Amino acid sequence: MNWITDWALPKIKGLIGGPREVPDNLWHKCPACEQMIFHRDLERNLHVCPSCGHHMRLSAQGRMKATLDEGWSRIELPKAPADPLRFRDQRRYSERLKDAQAKTAMDDAVVVAQGTIEGRRVVVAAFEFSFLGGSMGAGVGEALVTAAKLAVLQDAPLIVFTASGGARMQEGTISLMQMPRTVIATRLVKEAGLPFIVVLCDPTTGGVTASFAMLGDIQIAEPGALIGFAGARVIEQTVREKLPEGFQRAEYLLEHGILDMVVKRHDMRATLARLISLLREKLPPPLPEPEPELPALPAPEPAEATEPKPA
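Just so it is clear, the model here is predicted, and its values are computed rather than measured.

K.L.:
How do you make sense of the nonpolar core when you look at a structure like this?
P.N.:
Side chains of a nonpolar character, in soluble globular proteins, are inclined to be buried together. Membership of the largest hydrophobic core comes to 65 residues, with the highest contact counts inside it found for F127, L158, I159, F161, I220 and L272. By residue number, the principal contributor to this core is helix α5 (residues 138–154), which donates eight residues. Once you skip the residues sitting within four places of it in the chain, L158 turns out to touch V123, A147, A148, A151, V189, P195, F196 and I197. Formed by five residues, the second largest nonpolar core is a distinct cluster that contains C30, I37, C49 and M56.

See the structure below:
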């Protein structure tokens, strides 16, 4: 039997090929209904569960492809200090940054791009939650300031897709200073008379919520998105009250006037195009009203002939 195992089987495997390695990420389980979804079907459906409609997290690159017309371009952002405090906990902060950059192929947690939405020019910034939880540090602040300046320069609306856990603790006070910095960036856009639209995605919490994310001219959220500052458990322990059902979810905030609308991901592009059209495109001048027609005057009656009086 040695000639079979030593010679025949290797020869056969060489002809037909050995066992193929199957990637472990071909199928994804919906966290809401636990339905198994093939990865290509999930990508075609913009990471929305086809069974229950649950909106899963979408990458920043996926946001750009789903929102902008073809031909959009990514903006190169200024470099921020990599590790200003030389922070270290269980690992060095510089090592965490390198791992996140290698995993996402991004320099930091925000991508900025310029392009069009149904032919209307826009500047878009999108958070990448898989980059250190989308946390806001000096690099994110630089990205948002750059996006605001570019929007003013191009006379284009600014749209920001947020998905963040808040300020980046490894940068200490530097990360907290990005909160007023991003607020000033939004003021640049508004003072130029340009629309500033914020799309709150799951999750948007912490210092991002407490700064520019709640200052949009129009506040939009995706269905079921978690939006808040502190966690629900921290709030319950602080106020010592049971929070209502669905607290900090997009639908609850819409009912209480915090949001303007909740839009499904498939409808987001058309909704943004319609909003930009309403806010930017001038209405045609009204047509002049026709002058009212005067009623026709009656024709004068003919004068009666009078006989001459006798002399």
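The discussion continues.
K.L.:
Whenever I open this one, α5 confuses me. Can you help?
P.N.:
Helical geometry: 3.6 residues make up each α-helical turn, so side chains three or four residues apart lie on a common side. For α5, with 17 residues, the first-to-last C-alpha span of 24 Å sits near the 24 Å given by 1.5 Å per residue. Most of α5 sits out of view: 13 of its 17 residues are buried. Looking one or two residues past α5, D155 carries a phi angle of roughly 55°, positive in sign.

K.L.:
Where do I start with the packing of aromatic side chains in this structure?
P.N.:
Each aromatic ring pair is specified by the distance between its two centres and by the angle formed by the two planes. For the coordinates displayed, the defined rule picks out three aromatic pairs. When the ring of F127 is compared with that of F212, the centres are 6.2 Å apart and the planes differ by 15°; the resulting orientation is stacked. Of the two residues, F127 is situated in strand β5 (residues 120–127) and F212 in the loop between α8 (206–209) and β8 (218–221); the sequence distance between them amounts to 85 residues. Note on F247 and Y252: the rings are 5.7 Å apart at their centroids and 65° apart in plane angle, and the pair reads as edge-to-face. Judged by its relative accessible area of 28%, F247 falls in the partly exposed class.

K.L.:
Honestly, the packing of α5 against helix α7 (residues 178–191) in this entry has me stumped. Any pointers?
P.N.:
Helix-helix packing is characterised by the crossing angle of the two axes and by the distance between the axes. Running from amino to carboxyl end, α5 crosses α7 at an angle of 5°, the nearest separation of the two axes being 9 Å. Taken together, the axis directions place α5 and α7 in an arrangement best described as roughly parallel. Of the residues in α7, those touching α5 at A138, G141, E142, L144, V145, A148, K149 and V152 are Q178, R181, T182, A185, L188 and V189.

K.L.:
When you look at the pattern of salt bridges in this model, what are you seeing that I'm missing?
P.N.:
Opposite charge on two side chains permits them to pair, given that their charged atoms come into close proximity. For the structure on display, the rule yields 18 salt bridges. In this structure, R91 and D99 form a salt bridge, with 2.4 Å as the shortest nitrogen-oxygen distance. Overall, the relative accessible area of 32% leaves R91 in the partly exposed class. A relative accessible area of 40% means that D99 is categorised as partly exposed. A salt bridge links E281 to R120, with the nearest nitrogen and oxygen atoms 3.1 Å apart. Placement of E281 in the segment after α11 (265–280) and of R120 in strand β5 is noted, with a sequence separation of 161 residues between them.

K.L.:
Explain the sheet that holds strand β7 (residues 196–204) here, please?
P.N.:
Strand order across the open sheet formed by seven strands is β3-β4-β5-β6-β7-β8-β9, with mixed pairing between neighbours. Every other strand in the sheet has two partners, leaving β3 (73–74) and β9 (261–262) as the edge strands with one partner each. Inspection of the sheet shows β3 paired to strand β4 (residues 110–117) by two bridges, in the antiparallel sense. Paired with S73 across the bridge in β4 is Q114. Where α5 meets the sheet, it contacts β4, β5 and β6 (158–164), and its direction lies at approximately 175° from that of β5.

K.L.:
Could you clarify how one ought to interpret the pairing of β7 in this entry?
P.N.:
Working note: regular strand, side chains alternate between the two faces of the sheet. Across the nine residues that make up β7, a large majority, eight, are buried. When β6 meets β7, the two strands line up parallel, connected through six bridges. From the neighbouring strand, S164 faces β7, where its bridge partner is T204. Direction of pairing for β7 relative to β8: parallel, over a ladder of four bridges. Within β8, the residue paired with V198 across the bridge is Q219.

Cut-offs and rules
- Residues numbered from 1 in each chain as written.
- Predicted model: local features only at pLDDT ≥ 70, side-chain atom pairs only at ≥ 80, totals over all residues.
- Heavy atoms only, no water.
- Core = buried A, V, L, I, M, F, W, Y, C linked by side-chain atoms within 4.5 Å.
- Buried < 20%, exposed > 50% of the residue type's maximum accessible area, 1.4 Å probe, protein only.
- Helix = DSSP H or I, 4+ residues; strand = E, 2+ residues; numbered from the N terminus.
- Contact = heavy atoms within 4.5 Å.
- Expected span 1.5 Å × (residues − 1).
- Phe/Tyr/Trp six-rings, centres within 6.5 Å; stacked < 30°, edge-to-face > 60°.
- Axes fitted to C-alpha atoms, helices over the stretch in contact; angles between N-to-C directions.
- Parallel < 35°, antiparallel > 145°, perpendicular 65-115°, else oblique.
- Salt bridge = Lys/Arg side-chain N within 4 Å of Asp/Glu carboxyl O.
- Pairing = 2+ DSSP bridges.

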